[in-house]
Amino acid sequence: MIRLSNVQKTYAARRGSEEHTALRGIDLDIAAGEIVGVIGRSGAGKSTLIRCINLLETPTSGSVVVDGTDVTKLSKRDLPLFRRQLGMVFQHFNLLSSRTVYDNIALPLELAGASKAEIAEAVNPLLPLVGLEEKRDRYPAELSGGQKQRVGIARALSSSPKVLLCDEVTSALDPETTRQILNLLKDINQRLGLTMVVITHEMAVVKALCDRVAVMDGGVIVEEGQVDGIFANPVHETTKSLLADEFVEFRAGQSSDQLNGQEG
Ligand SMILES: Nc1ncnc2c1ncn2[C@@H]1O[C@H](COP(=O)(O)OP(=O)(O)OP(=O)(O)O)[C@@H](O)[C@H]1O
């Protein structure tokens, strides 16, 4: 479904900053229906990678093929239609505060010129899918973080994309809400057969959601494979250290559980 071949991205020098190469020859194949995690520390190039898939950034060289089309060769005129095949979910939800849940979900369709009837046909089934039927006419300020992210997911699904790009979608959520949102994404993947690219800095997210993972460091993929295999036998130092973070968090969670147990 998605094939990145030798993708390089160099940001041009600006006043006060030198040119910076954020991606250094990325090769990555993502099959239809697969959930692939891209994990790395801050500055590894994860966001740049996702922005080269939806062409918010143009790769300096290399090719990005989505569903058989080399998207780096698309004309400006064809870009909006291409982008509609890719749903994007963000860390900070990016909802419009003056619009209800329904109208936020409808926004991409409205912008694409869909009629009211077409919008209703697309948005109404999404409300139960993300568990927001009761909140249809509420505004973002009246929602919890998890509910806001459900709106973000439904909005990304409204134009029936083939691919969902998720950028740190649980980083602003507490652990229980994170679990619920990851379960929702897994459920959507299974029901709709959507291909998903999941950017994260947390191995726990990869473990809960992804089939395969690519570990990035310094603009390259340093290790890649099935999630179970990578967890059982990490080879690269970056992978080992990201897994070690998870272990520390797990231990911290355990000791706070123990503390809670003592208090109870
Ligand atoms: N528009 C830009 N102009 C210049 N350099 C940039 C630009 N965007 C990103 N970079 C640089 O490219 C590198 C990769 O950035 P990117 O945002 O892709 O990393 P990331 O892994 O997503 O990090 P984070 O988790 O902090 O978002 C960083 O060194 C960053 O400073």
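Cut-offs and rules
Residues numbered from 1 in each chain as written. Predicted model: local features only at pLDDT ≥ 70, side-chain atom pairs only at ≥ 80, totals over all residues. Heavy atoms only, no water. Salt bridge = Lys/Arg side-chain N within 4 Å of Asp/Glu carboxyl O. Helix = DSSP H or I, 4+ residues; strand = E, 2+ residues; numbered from the N terminus. Buried < 20%, exposed > 50% of the residue type's maximum accessible area, 1.4 Å probe, protein only. Pairing = 2+ DSSP bridges. Near = heavy atom within 4 Å. Polar contact = N/O pair within 3.5 Å; in protein donor to acceptor, adjacent residues only side chain to side chain. Areas by Shrake-Rupley, 256 points an atom, 1.4 Å probe, with all protein chains shown as cover. Nonpolar A, V, L, I, M, F, W, Y, C, P; charged D, E, K, R; others polar. UniProt positions renumbered as here; feature names shortened; annotations may be inferred. Contact = heavy atoms within 4.5 Å.

Caption draft 1: Spotlight on the pattern of salt bridges. Counting across every chain of the model gives 14 salt bridges. With a shortest N-O distance of 2.6 Å, aspartate 67 and lysine 162 are connected by a salt bridge. Here lysine 162 lies in the loop between helix H5 (145-157) and strand S7 (163-167) and aspartate 67 lies in the loop between strand S4 (61-66) and strand S5 (69-70), a separation of 95 residues in the sequence. Under the relative-accessibility criterion, aspartate 67 is labelled partly exposed at 37%. Classification of lysine 162 by relative accessible area gives partly exposed; the value is 36%. Where arginine 136 meets aspartate 137, a salt bridge forms, and the shortest distance between an N and an O atom there is 2.9 Å.

Caption draft 2: View of the pairing of S7. Counting buried positions along S7 yields 5 of 5 residues, so the element is predominantly enclosed. Of the two faces of S7, both are covered, the one formed by Val163, Leu165 and Asp167 as well as the one formed by Leu164 and Cys166. Across 4 bridges, strand S6 (residues 86-89) lies against S7 in parallel orientation. Each bridged residue has a counterpart across the sheet, and for glycine 87 the counterpart in S7 is leucine 164. The pairing of S7 with strand S8 (residues 195-200) spans 5 bridges and is classified as parallel. Bridge pairing links cysteine 166 to valine 198 in S8.

Caption draft 3: Up close: the site of the ligand. If you check the shell around the ligand, you find Tyr11, His20, Ala22, Arg41, Ser42, Gly43, Ala44, Gly45, Lys46, Ser47 and Thr48 and nothing else. Within the contact set of the ligand, an oxygen atom lies 3.2 Å away from a side-chain nitrogen or oxygen of histidine 20. Alanine 44 places a polar main-chain atom, nitrogen or oxygen, 3.1 Å from an oxygen atom of the ligand. Coverage of the ligand by the protein chains reaches 62% of its 630 Å² of free accessible surface. The biggest single contributor to the shell around the ligand is helix H1 (residues 46-53), with 3 residues. Looking at the shell around the ligand residue by residue, the classes come out as 3 nonpolar, 6 polar and 2 charged.

Caption draft 4: Fine view of the UniProt feature "domain: ABC transporter" (unreviewed entry) in the protein chain. Per the UniProt record, the feature "domain: ABC transporter" (unreviewed entry) sits at residues 2-243. Regarding residues 2-243, the helix share stands at 37% and the strand share at 26%, and the terminal C-alpha atoms are separated by 27 Å.

Caption draft 5: The arrangement of the environment of threonine 239 in detail. Relative to the helices and strands, threonine 239 resides in helix H9 (residues 237-263). Residues threonine 239 and leucine 4, 235 residues apart in the sequence, show an inter-C-alpha distance of 21 Å. What threonine 239 contacts, discounting residues up to four positions off in sequence, is Met203, Val215, Glu223, Ile230 and Pro234. In this structure the side chain of threonine 239 is engaged in a polar contact, spanning 2.7 Å, whose partner is the side chain of glutamate 223.

Caption draft 6: Region of interest: the side chain of arginine 150. Assignment of secondary structure puts arginine 150 in helix H5. Residue contacts for arginine 150: discarding those within four places in its chain leaves Val130, Leu132, Gln180, Ile181 and Leu184.

Caption draft 7: Layout of unusual backbone geometry. Look at asparagine 6: it is not a glycine, yet its phi comes out positive at around 45°. Among the secondary structure elements, asparagine 6 is positioned in strand S1 (residues 2-11). Phi is positive for glutamate 168, which is not a glycine, with a value near 50°. Within the fold, glutamate 168 resides in the loop between S7 and helix H6 (175-192). On the basis of relative accessible area, glutamate 168 is assigned to the buried category, the value being 10%.

Caption draft 8: Structural view of the sheet that holds S4. Strand order across the open sheet formed by 4 strands is S2-S1-S4-S5, with antiparallel pairing between neighbours. With partners counted over all chains shown, the strands left at the sheet margins are strand S2 (20-30) and S5, one partner each. The pairing of S4 with S5 spans 2 bridges and is classified as antiparallel. Residue valine 66 lies in a different strand from S5, and its bridge partner there is threonine 69.

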